[in-house]
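Each chain, written out:
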Amino acid sequence: MTKTMKYIKTLAVMMTAMFTLASCESGNVGQTVVQFAEQEYVEGFGAGWLFVPLKLSGTDMNTCDVEVSVKVIPADTEYTEAVEDKDYQITSYDLVFRPGVEEAAVEIQLMETDPMKLPDIMEFKLEITSSNTNIGANRECLVHLEKTTADRLCGEWYLFFDVANPNYGDIVSGTKVNVTWNAASKRFSVLVPNSSSVYGTYPISMIFDEDNDYVILPAYDFITWYDPGQTILIAQFQATNIREMATETGEIAMVCDRAADDIIGTYDKNNFQTITFPASDTSLAIGYSYVDESGNPTILSFFGSGMRNIRLSRTK
């Protein structure tokens, strides 16, 4: 091949790349490559939402949006194959990487998270179908969902406890509750029906230490800020020294101190039928926590019913 022919061939390849990559009305996508971050995405069912990551590389010369479309393809799995719109729903099949952005994710909502109604393993597969840039080697991604210990502790339970402060809240021992899992914070939320709550539930937070097989009721756990000035927050805590105190308006509020130690519980590791905590003199409460200038909690005033000796069972 002569030098002239090599030059013409090289020029043709460059022109093709130019027309392929310069698809934006203003700017171009440069020499970017889009693909799934991994060929397999592994998660438990209790996450509720899946965020299957895609990555964009070579963004130095990228000056416009990179657009990507995905679809579901047969997984050809030996396990249960998940069915779209029955087992899960995809928020959007089209993703956009703005200039300077190198990561995005396909958002997927799981339709069923009750461990009693799910197989041990379920899979489905995603494929990048088109993009206005180059598609890398990881064009496909297998989504592998497998029951974890946390998953097996989710679902319906009955909550039992001893009442410490019957005048606060309307929660009854033996109430059916729903336990959900937040993989990011490593916490269970025990959603207790409560008509006095604006959300219709009274949430109890339990930390999960899978390494040591512990379920923990924390001595103190931040929930959210109550006021814009961030001097009052809402927290869950183990209450001690419960007492009445007159407020500035003359009303009587129940205030307390918080316990120093978490309460560490265990669960039935064989059948996942019970979660139990040791007996304690402290009361679990959710309420207002006033913070000082350093952000440290000071006076605690609870509005949730105090509960002692919490235990959960699959049966009533």
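Computed from a predicted model, the values in this text were never measured in an experiment.

Before we move on, can you summarise the sheet that holds strand S10 (residues 134-135) with the specific residues and values?
Taken in spatial order, the five strands line up as S6-S8-S3-S1-S10 in an open sheet, and their pairing is mixed. What marks the edges here is a single partner per strand, and that holds for strand S6 (88-90) and S10. Pairing of strand S1 (residues 33-36) with strand S3 (residues 49-57), which is carried by four bridges, proceeds in the antiparallel orientation. Across the sheet, the residue bridging to Val 34 is Leu 56, located in S3.

Summarise the pattern of salt bridges; cite the residues concerned and give the values.
Per the counting criterion, the structure on display carries eight salt bridges. A salt bridge links Asp 221 to Arg 187; the shortest N-O distance between them is 3.0 Å. Taken together, the positions of Asp 221 in strand S17 (residues 220-225) and Arg 187 in strand S14 (residues 187-193) put the pair 34 residues apart, joining distant regions of the chain. Relative accessible area serves as the criterion here: at 9%, Asp 221 is assigned to the buried category.

Which residues make up empty space enclosed by the protein, and what are the values?
With the rule as written, the count across this model stands at one cavity of 30 Å³ or more. If you trace the largest cavity, you find it lined by Leu 217, Gln 238, Ile 263, Phe 277, Pro 278, Ser 280, Thr 282, Leu 284, Met 307, Arg 308, Asn 309 and Ile 310. Ranked by residues supplied to the lining of the largest cavity, first place goes to strand S24 (residues 307-313) with four residues.

Go over the packing of aromatic side chains, please, and point to the residues and values.
Applying the stated criterion across every chain, the model contains seven aromatic pairs. With centroids separated by 4.9 Å and ring planes inclined at 50°, the aromatic side chains of Trp 181 and Phe 188 adopt a geometry described as tilted. The burial state of Trp 181 is the same as that of Phe 188; both residues are buried. On the basis of an interplanar angle of 85° and a centroid distance of 5.8 Å, the ring pair of Trp 181 and Phe 208 is categorised as edge-to-face. One end of the pair, Trp 181, is in strand S13 (residues 175-182); the other, Phe 208, is in strand S15 (residues 201-209), with 27 residues separating them in the sequence. Look at Trp 181 and you get buried, because its relative accessible area is 11%. Here the aromatic cluster, defined as three or more aromatic residues joined through ring pairs, consists of Trp 181, Phe 188, Phe 208, Tyr 267 and Phe 272.

Outline the pairing of strand S4 (residues 66-73), listing residues and values.
Two elements, S4 and strand S7 (residues 94-97), share four bridges in a ladder whose sense is antiparallel. Bridge pairing in S7 links Val 66 to Phe 97.

Break down unusual backbone geometry for me, citing the residues and quoting the values.
Even without a glycine there, the phi angle at Lys 186 is positive, about 60°. Residue placement: Lys 186 occurs in the loop between S13 and S14. In this structure, Phe 272 takes a positive phi of about 55° despite not being glycine. With respect to the helices and strands, the residue Phe 272 is situated in the loop between strand S20 (263-267) and strand S21 (274-276).

Can you explain the confidence of the model for the protein? Please cite residues and give values.
On average, the protein scores 83 in pLDDT, and the residues at 70 or more come to 82%. Of the regions scoring below 50 in pLDDT, residues 1-22 engages in ten contacts with residues more than four places distant in sequence or in other chains.

Please give an account of the side chain of Glu 123 that cites residues and values.
For Glu 123, the location among the structural elements is in strand S9 (residues 121-131). In this structure, Glu 123 is buried with no salt-bridge partner, the nearest side chain bearing the opposite charge being Lys 125 at 8.2 Å. Here the side chain of Glu 123 touches Thr 77 through a polar contact of 2.5 Å, side chain to side chain. Those residues in contact with Glu 123 that sit more than four places away from it in its chain are Thr 77, Tyr 79, Thr 80, Glu 81, Ala 82, Leu 142, Val 143 and His 144.

How would you summarise the environment of Cys 141 if you had to cite specific residues and measurements?
Its location among the elements puts Cys 141 in strand S11 (residues 140-146). Placed 104 residues apart in sequence, Cys 141 and Ala 37 show a C-alpha to C-alpha distance of 8.6 Å.

Definitions and cut-offs
Residues numbered from 1 in each chain as written. Predicted model: local features only at pLDDT ≥ 70, side-chain atom pairs only at ≥ 80, totals over all residues. Heavy atoms only, no water. Pairing = 2+ DSSP bridges. Helix = DSSP H or I, 4+ residues; strand = E, 2+ residues; numbered from the N terminus. Salt bridge = Lys/Arg side-chain N within 4 Å of Asp/Glu carboxyl O. Buried < 20%, exposed > 50% of the residue type's maximum accessible area, 1.4 Å probe, protein only. 1 Å grid on protein atoms, 1.4 Å probe; cavity = no way out; pocket = protein on both sides within 12 Å on 5 of 7 lines; lining within 4 Å. Points joined across faces, edges and corners; volume = space filled by probe spheres on them. Phe/Tyr/Trp six-rings, centres within 6.5 Å; stacked < 30°, edge-to-face > 60°. pLDDT = per-residue confidence, 0-100. Contact = heavy atoms within 4.5 Å. Lys, Arg positive; Asp, Glu negative; His and termini not counted. Polar contact = N/O pair within 3.5 Å; in protein donor to acceptor, adjacent residues only side chain to side chain.

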